[in-house]
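A structural walkthrough
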Protein chains: 2
Amino acid sequence: MRRISILGSTGSIGRSTLTVADAYPDRFEIVALAAGANVDAAFEQAQRWKPRLVSIASEKNADLLRTRLRQAGLSEIEVVHGNKGAVKVATLPEADFVVSAIVGVAGLEATYEAVKAGKTVGVANKECLVAAGELITAEARKQGKPLLPIDSEHNAVHQCLRGGRMNEVERVWLTASGGPFLNTPRSEFKNITVEQALNHPTWKMGKRITIDSATLMNKGFEVIEACRLFHIPPSRVDVLVHPQSTIHSMVEFIDGSILAQVSVTDMRLPILYALTYPERIQSDMRFDVGNLRHLDFCPPDMNKFPCLRLAYEAAKVGGAKTVALNAADEVAVAAFLEGAIRFDEIPGIIEETVAASNSRELESIAQVLDADRAARRYAQEKVQKSAEPRATSV
Amino acid sequence: MRRISILGSTGSIGRSTLTVADAYPDRFEIVALAAGANVDAAFEQAQRWKPRLVSIASEKNADLLRTRLRQAGLSEIEVVHGNKGAVKVATLPEADFVVSAIVGVAGLEATYEAVKAGKTVGVANKECLVAAGELITAEARKQGKPLLPIDSEHNAVHQCLRGGRMNEVERVWLTASGGPFLNTPRSEFKNITVEQALNHPTWKMGKRITIDSATLMNKGFEVIEACRLFHIPPSRVDVLVHPQSTIHSMVEFIDGSILAQVSVTDMRLPILYALTYPERIQSDMRFDVGNLRHLDFCPPDMNKFPCLRLAYEAAKVGGAKTVALNAADEVAVAAFLEGAIRFDEIPGIIEETVAASNSRELESIAQVLDADRAARRYAQEKVQKSAEPRATSV
């Protein structure tokens, strides 16, 4: 029986984790949940799973949730809130596995504390590895506990790595769908609408990650995540565009053998893998190999998609540069979604912000959060400067 | 330092093994060689590698080789001959790894004795697993030593299997190039010439295996080999046609994840893998992932290629049926190569021979060899009957 705490239980990965747990009631017990702002969803999850502990973002919502649970006869469920609440969920002594799926830097501290408390952590929160990956992976190594990637690419890499030892790895190949603008000429990038950018060809995801997929910044983040998770330099992580997203990633070994992982595009699969590792258990998520017909590949175009290049550059330096990369991207993507900047202005905002950030190593989550705030402020100023000329020209 | 005996040193796999050994002189020592009929090649190999022991097929050639080695100042190399000689090479106490690459049933006894002597055996000899696989794998399990497949498909499967446990395997997918007649209509099969059939699209191999690739019998043998090597029933081994032969095979796990192995089509790669397992070492055999463009797949057509169906049917019964399958195929292919029968007559000869064979289990290599001889006689008669009407009609 694996006893699971979920950080981000009402988000997409959190809900998928509960679906997986639901399918194997004799294997998984949900002991704690950290939800976002949605009290209704948090209440329903608490009622269904009866965890020992539920955390919710605001104090007001915590009071509301406490009342509703008491009315439902579930007053034994403890309700906490805020970052402290999430840390309590992450470090609950009864939990042995923590799913880190709070979106954004809000999940950093809780995830770090989970690792520090010796939990096995399944990582779905990109920021954990992009912004604070050096700290978190160092702590995981110290604890001797695995960090299990819950996203299709790194999960695929994790599986392929079982075919050899870490010192036998030549290269990691992350596949990329290429996003909706793979075949759009660069000259048309200035006219890309929010609606077009939100129309991802293979995965249904949140808005920011969908835009990040369209700019290939998402793949850039994944390059950084791969470097952190698997302790390899960015020069040994490559990206291959593969529109069908059938091969989720590959590992090339020093003898010339390459292992590739194939499966349906369903997040429940990497979640199940992480929750049961090192075992595998039966699922109904079957990829129809017999109906496989064509797979296509091409190299990524870094001129057309400068975000990928920016990510490689930041990855080489690490520290505050990757924090700035993530923070500036979040600000720029939000500005694009609000109509404040054009699609083709996203990379420039990020490039300037990363260039302006210092390149110091970060020694604590507090320092990461400081660097994050500074980069956000800087990027926000750049967004305003980009938006102004247009506002006056109207 | 791995001390290697090679059964079939002057054949294609034997020579590739020596090329691999040559590239890593500090890792591999050649301690014994069993050659075929080619005295010149055997002499050159003995001179180059200075093994303790060389075996050659005939007594006459052994005398010749002994004389030449003495003249070259190498009289310390012991020369033996025949099946007994090959067994001596296979069981030499100094050897810890035996490469089984004698073509045909001639390699059976030596391979079996190598396994029995507790050697780690790299298997390139198809007959070992098709005709005597049950005996050989049972003995390997008893000895607790791995049988390492030296052919691209099973070697690929072996690598993919590292991603899980044997009881977590749902299915093995063997890929097949489809051979030169993948897109030839069945109605034209009767006109296929020897030259056309010998023109394999992706691999350069011996004549029999090239014809077996054209009929898909080679893939049928590989299904049987997979069943024996990995202890799974034929119902869980599938074939997928993949003309580029880039993915060498795949393993589907019970959780829905599939691992696939990709590499250049170079036999030195599976040889190196087997010789260094469980380690991997650096090689220059690089597959250019960055230049990957298209991969195509389709299901095999068992009506057009009845040999594959015959192999599945024989695999279900095992024992003397798979011995008959192999023996009849060898006879039928030889008859086709000599112009005695047409390409489309090959499956009929095999089907009749397998049907006529009994389905008893075989308990010794001697029984395997008896069943093999009986099937060959039967198939030879069928060939003559097929050839007669045409001879009279000319």
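Now for a look at the structure at hand. In this text the structure is predicted, and so the values were computed from the model without any measurement. (Residues numbered from 1 in each chain as written. Chains lettered and ligands numbered in written order. Predicted model: local features only at pLDDT ≥ 70, side-chain atom pairs only at ≥ 80, totals over all residues. Heavy atoms only, no water.)

Digging into the overall build of chain A
Of the regular secondary structure elements, chain A holds 16 helices and 12 strands. Since a compact globule built from 394 residues should have a radius of gyration of about 21 Å, the 21 Å found for chain A is in line with a globular shape. Taking all 394 residues of chain A together, 59% fall into the buried category. Residue pairs in contact within chain A that sit at least 24 positions apart in sequence constitute 72% of those at least 6 positions apart. Distance between charge centres in chain A, computed from 46 positive and 48 negative side chains, equals 2 Å. (Helix = DSSP H or I, 4+ residues; strand = E, 2+ residues; numbered from the N terminus. Rg over C-alpha atoms; globule rule 2.2 N^0.38 Å. Buried < 20%, exposed > 50% of the residue type's maximum accessible area, 1.4 Å probe, protein only. Contact = heavy atoms within 4.5 Å. Lys, Arg positive; Asp, Glu negative; His and termini not counted. Charge placed at Lys NZ, Arg CZ, Asp CG, Glu CD.)

So, the packing of aromatic side chains
Residues and elements named next belong to chain A. Under the counting rule described, the total for this entry stands at 14 aromatic pairs over all chains. Where F189 meets F343, the ring centres are 5.7 Å apart and the plane angle is 70°; that geometry is what we call edge-to-face. Taken together, the residues span a long stretch of sequence, with F189 in the loop between strand 8 (169–176) and helix 9 (194–197) and F343 in the loop between helix 14 (320–337) and helix 15 (346–356) at a distance of 154 residues. In this structure, F189 and F343 share a single accessibility class: buried. Through a chain of ring-to-ring contacts, three or more aromatic side chains come together here, namely F181, F189, F305, F336 and F343. Lying across the ring of W49, R48 places its NZ or CZ 3.9 Å from the centre. Here the guanidinium or amino end of R68 rests over the ring plane of F43, the centre of that ring lying 4.4 Å away. (Phe/Tyr/Trp six-rings, centres within 6.5 Å; stacked < 30°, edge-to-face > 60°. Lys NZ or Arg CZ within 6 Å of the ring centre and 35° of its normal.)

Considering the relation of the copies chain A and chain B
When chain A is fitted to chain B, the best match, at an RMSD of 0.0 Å, comes from turning it 180° and sliding it 0.0 Å along the axis. These values place the two chain copies in the arrangement generated by a two-fold rotation axis. When the interface residues of chain A are mapped onto chain B, 100% of them again lie at the interface, so the same face is used by both copies. (Least-squares fit on C-alpha atoms with pLDDT ≥ 70 in both.)

Considering the packing of helix 14 of chain A against helix 15 of chain A
Residues and elements named next belong to chain A. Look at helix 14 against helix 15: their axes get within 8 Å of each other, and the N-to-C directions meet at 150°. One finds that helix 14 runs roughly antiparallel with respect to helix 15. The handedness of the crossing between helix 14 and helix 15 is right-handed. Contact residues: K321, A324, L325, A328, D329, A332 and F336 in helix 14; I346, I349, I350, T353, V354 and A355 in helix 15. Residues belonging to the contact of helix 14 with helix 15 are distributed by class as follows: 10 nonpolar, one polar and two charged. (Axes fitted to C-alpha atoms, helices over the stretch in contact; angles between N-to-C directions. Parallel < 35°, antiparallel > 145°, perpendicular 65-115°, else oblique. Left-handed = near helix turned anticlockwise from the far one by under 90°. Nonpolar A, V, L, I, M, F, W, Y, C, P; charged D, E, K, R; others polar.)

Details of the sheet that holds strand 3 (residues 53–56) of chain A
Residue and element names in this part refer to chain A. In space, the seven strands of this open sheet follow the order 4-3-2-1-5-6-7, with parallel pairing throughout. Each of the sheet's edge strands pairs with one partner strand only, and the pair in question is strand 4 (78–81) and strand 7 (147–149). Neighbouring strand axes in the sheet, compared pairwise and without regard to direction, differ in orientation by 25° on average. This element, helix 5 (residues 108–116), spans strand 1 (2–7), strand 5 (97–100), strand 6 (120–123) and strand 7 of the sheet and lies at about 150° to strand 6. (Pairing = 2+ DSSP bridges.)

A word on the nonpolar core
Counting residues in each nonpolar core, the largest one holds 183 residues, and the members touching the most others are L325 and I350 of chain A together with L325 and I350 of chain B. Excluding residues within four positions of it along the chain, L325 of chain B makes contact with M217, F221, I224, L310, A311, A314, I350 and V354 of chain B. (Core = buried A, V, L, I, M, F, W, Y, C linked by side-chain atoms within 4.5 Å.)

Considering the interface of chain A and chain B
The interface of chain A with chain B comprises 45 residues on the first partner and 45 residues on the second. Run the count over chain A and chain B and you get four salt bridges. Among the secondary structure elements, those contributing two or more residues to the side of chain A that touches chain B are helix 8 (152–161), strand 8, strand 10 (247–253), strand 11 (258–262), helix 12 (268–276) and strand 12 (294–296) of chain A. When residues of the side of chain A that touches chain B are assigned to their parent elements, the largest contribution, five residues, is made by strand 11 of chain A. Along the lines of polarity and charge, the residues of the side of chain A that touches chain B split into 23 nonpolar, 11 polar and 11 charged. (Salt bridge = Lys/Arg side-chain N within 4 Å of Asp/Glu carboxyl O.)

So, the sheet that holds strand 11 (residues 258–262) of chain B
One open sheet accounts for eight strands, arranged 9(A)-8(A)-10(A)-11(A)-11(B)-10(B)-8(B)-9(B); its pairing is mixed. What marks the edges here is a single partner per strand, and that holds for strand 9 (237–241) of chain A together with strand 9 (237–241) of chain B. For this sheet the average axis-to-axis angle between neighbouring strands, irrespective of direction, equals 25°. As judged from the five bridges shared by strand 10 of chain A and strand 11 of chain A, these two strands associate in the antiparallel manner. Directly across from M250 of chain A, in strand 11 of chain A, lies its bridge partner A260 of chain A.

A few points about the pattern of salt bridges
What the rule picks out here adds up to 62 salt bridges over all chains. Between E168 of chain A and R165 of chain A there is a salt bridge; the shortest N-O distance is 4.0 Å. Taking relative accessible area as the criterion, E168 of chain A reaches 3% and is therefore assigned buried. D212 of chain B is paired through a salt bridge with R208 of chain B; the nearest N and O atoms lie 3.3 Å apart. With D212 of chain B and R208 of chain B both in helix 10 (residues 207–215) and four residues apart, this pair spans about one turn of that helix. One connected set of salt bridges, linked through shared partners, spans E127, R208, D212, D329, E330, D372 and R376 of chain A.

Description of the packing of helix 5 (residues 108–116) of chain B against helix 7 (residues 133–143) of chain B
Residue and element names in this part refer to chain B. Two elements in contact, helix 5 and helix 7, have axes separated by 8 Å at closest approach and are oriented at 15°. Of the possible angle classes, the one that applies to helix 5 and helix 7 is roughly parallel. Crossing geometry of helix 5 relative to helix 7 is assigned as left-handed. Here T111, Y112, V115 and K116 of helix 5 lie close against helix 7, whose contacting residues are L135, I136, E139, A140 and Q143. The class makeup of the residues in the contact of helix 5 with helix 7 is five nonpolar, two polar and two charged.

Regarding the side chain of S257 of chain A
On the secondary structure map, S257 of chain A appears in the loop between strand 10 and strand 11. Among the polar contacts made by the side chain of S257 of chain A, one reaches the side chain of Q261 of chain B at a distance of 2.9 Å. With residues up to four places along the chain from it excluded, the contact list for S257 of chain A reads V251 and E252 of chain A together with Q159, Q261, V262, S263, L269 and R280 of chain B. (Polar contact = N/O pair within 3.5 Å; in protein donor to acceptor, adjacent residues only side chain to side chain.)

Quick look at the side chain of E252 of chain A
Among the secondary structure elements, E252 of chain A is positioned in strand 10. Judged by its relative accessible area of 4%, E252 of chain A falls in the buried class.

Re helix 13 (residues 306–317) of chain A
Side chains three or four residues apart in an α-helix point the same way, a direct result of the helix having 3.6 residues per turn. Residues and elements named next belong to chain A. Its 12 residues place the ends of helix 13 17 Å apart at the C-alpha level, agreeing with the 16 Å of an ideal helix rising 1.5 Å per residue. Burial in helix 13 covers these residues: P306, C307, L308, L310, A311, Y312, A314 and A315. The elements touched by buried residues of helix 13 are helix 10 (207–215), helix 11 (217–230), strand 9, helix 14 and helix 15. Phi for G318, located one or two positions after helix 13, is positive at around 75°. (Expected span 1.5 Å × (residues − 1).)

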